[in-house]
Amino acid sequence: FDKRLRSCHSFNSLLSPRKYFKDHPEYFSLRNGFREPFQPCLSNPDVRRIMKKELLDHIAVQYPKGGRYFDVSQNDNANYCQCEKCKMVDDREESPSGSIVDFVNEMADAVKEKYPDVILHTLAYMYSVKPPKELKLRPNVQVGLCTDQCDHSKPFDKSNNRHSKLFVRHLKDWSEKASDIQIWDYSINFRAFPQAFP
């Protein structure tokens, strides 16, 4: 992964709140009647156009240098858009991952036209861990399924931890929605990085 579209949380790199939020709050997530600069509104056609151009322009620079993997994934917060159009997709797909998969697939189609060997990486993380009901990821998209809420003291399929049980179920369900799955084994103690994760 390159420095800009690193391994995760790259939406802000493709749609900068500093650049756009003041004049175009509609480009960002609608929450409780207010626009917030935390996630993009993925159903907005201008957002898709801008982010697609940013992505393709960036790939055009990195591809000659050997870049073949580029991240297109949610920012590190749970403030996803709940506008009417985004919510319609998420409700239909029974998960907020629906609007992400719908968006990333459009990006993947545009990339494949020019760069058939490039892989886009997105996340199944936090609010998007549950896969969409019907939508499937394009073959040129890798999904990173995150274990951040799991009980790491036991095998996930043997644990009584609710999140571990859900992870096992979601892994099975994502295997029907994606041809390329990466496991982000998220086991870290943020209060003491060198300390073992209990």
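Scroll up to find the structure.
Residues numbered from 1 in each chain as written. Predicted model: local features only at pLDDT ≥ 70, side-chain atom pairs only at ≥ 80, totals over all residues. Heavy atoms only, no water.

A.B. asks: How would you sum up the pattern of salt bridges? Please name residues and give values.
C.D. replies: One pass over the full model with this rule turns up 13 salt bridges. Between Arg49 and Asp46 there is a salt bridge, with the nearest N and O atoms lying 3.5 Å from each other. In this pair, Arg49 and Asp46 both sit in helix H3 (residues 45-62), three residues apart, roughly one turn of the helix. The salt bridge involving Lys172 is made with Glu176; its shortest N-O contact spans 3.5 Å. For Lys172, a relative accessible area of 51% corresponds to the exposed category. (Salt bridge = Lys/Arg side-chain N within 4 Å of Asp/Glu carboxyl O. Helix = DSSP H or I, 4+ residues; strand = E, 2+ residues; numbered from the N terminus. Buried < 20%, exposed > 50% of the residue type's maximum accessible area, 1.4 Å probe, protein only.)

A.B. asks: Account for the packing of aromatic side chains, with residues named and values stated.
C.D. replies: What describes a pair of aromatic rings is the distance from one ring centre to the other and the angle between the planes of the rings. Within the structure shown, the criterion is met by nine aromatic pairs. Consider the rings of Tyr20 and Tyr27, whose centres lie 5.7 Å apart with planes at 55°: the pair is tilted. For Tyr27, a relative accessible area of 5% corresponds to the buried category. Geometrically, the ring pair formed by Tyr125 and Tyr186 is stacked, given 6.3 Å between the ring centres and 5° between the ring planes. Of this pair, Tyr125 sits in the loop between strand S4 (119-124) and strand S5 (141-146) while Tyr186 sits in the segment after strand S6 (181-184), and the two are 61 residues apart along the sequence. Considered together, Tyr125 and Tyr186 belong to a single accessibility category, that of buried residues. An aromatic cluster of at least three residues, connected via ring pairs, comprises Tyr125, Trp184 and Tyr186. Directly above the aromatic system of Tyr80 lies the positively charged group of Arg31, at a separation of 5.2 Å from the ring centroid. Here the guanidinium or amino end of Arg68 rests over the ring plane of Tyr63, the centre of that ring lying 3.7 Å away. (Phe/Tyr/Trp six-rings, centres within 6.5 Å; stacked < 30°, edge-to-face > 60°. Lys NZ or Arg CZ within 6 Å of the ring centre and 35° of its normal.)

A.B. asks: Can you tell me about the sheet that holds strand S3 (residues 69-71), naming the residues and giving the values?
C.D. replies: Backbone hydrogen bonds are what pair the strands of a sheet, in a parallel or an antiparallel way. Spatially, the four strands line up as an open sheet ordered S3-S4-S5-S6, and their pairing is parallel. On the outer flanks of this sheet lie S3 and S6, each paired with one strand and no other. Strand-to-strand, the axes of this sheet are offset by a mean angle of 30°, without reference to chain direction. Relative to S5, S4 runs parallel, the two sharing five bridges. Looking at the pairing, Leu120 lines up with Val141 of S5. (Pairing = 2+ DSSP bridges. Axes fitted to C-alpha atoms, helices over the stretch in contact; angles between N-to-C directions.)

A.B. asks: Before we move on, can you summarise the pairing of S6 with the specific residues and values?
C.D. replies: The pairing of S5 with S6 spans four bridges and is parallel. Following the sheet pairing, Cys146 is matched in S6 by Trp184. You can see the chain leave S5, run along helix H6 (residues 162-174) and come back into S6, and the turn it takes is right-handed. (Right-handed = clockwise from strand over helix to strand, strands pointing away.)

A.B. asks: Now, about H6: what can you tell me, with residues and values included?
C.D. replies: End to end, H6 covers 18 Å across 13 residues, agreeing with the expected 18 Å (1.5 Å per residue, within 8%). The set of residues buried in H6 consists of Ser164, Phe167, His170 and Trp174. Buried residues in H6, looked at end-on, bunch into an arc of 120°, giving them a common side. Away from the buried face of H6 by more than 90 degrees, exposed residues Arg162, Arg169 and Lys172 are located. Buried residues along H6 sit in contact with helix H5 (97-114), S4, S5 and S6. Of the residues flanking the start of H6, the one acting as N-cap is Asn161, its side-chain oxygen 2.8 Å from the backbone nitrogen of His163. (Expected span 1.5 Å × (residues − 1). Arc of directions from axis to C-beta. Contact = heavy atoms within 4.5 Å. Polar contact = N/O pair within 3.5 Å; in protein donor to acceptor, adjacent residues only side chain to side chain.)

A.B. asks: Could you give an account of the environment of Gln39, with specific residues and numbers?
C.D. replies: Relative to the assigned elements, Gln39 resides in strand S2 (residues 34-40). It is 6.4 Å that separates the C-alpha atoms of Gln39 and Asn79, two residues lying 40 residues apart in sequence. A polar contact is formed between the side chain of Gln39 and the backbone oxygen of Asn75, at a distance of 3.0 Å. A distance of 3.1 Å separates the side chain of Gln39 from the backbone oxygen of Asn77, its partner in a polar contact.

A.B. asks: Tell me about the nonpolar core, and name the residues and values.
C.D. replies: The biggest cluster of nonpolar side chains holds 39 residues, and the ones touching the most others in it are Leu55, Val72 and Leu120. Taken together, the elements giving at least two residues each to this core come down to helix H1 (11-14), H3, H5, S4, S5 and H6. Sort the elements by how many residues they give to this core and H5 lands first, with eight residues. (Core = buried A, V, L, I, M, F, W, Y, C linked by side-chain atoms within 4.5 Å.)

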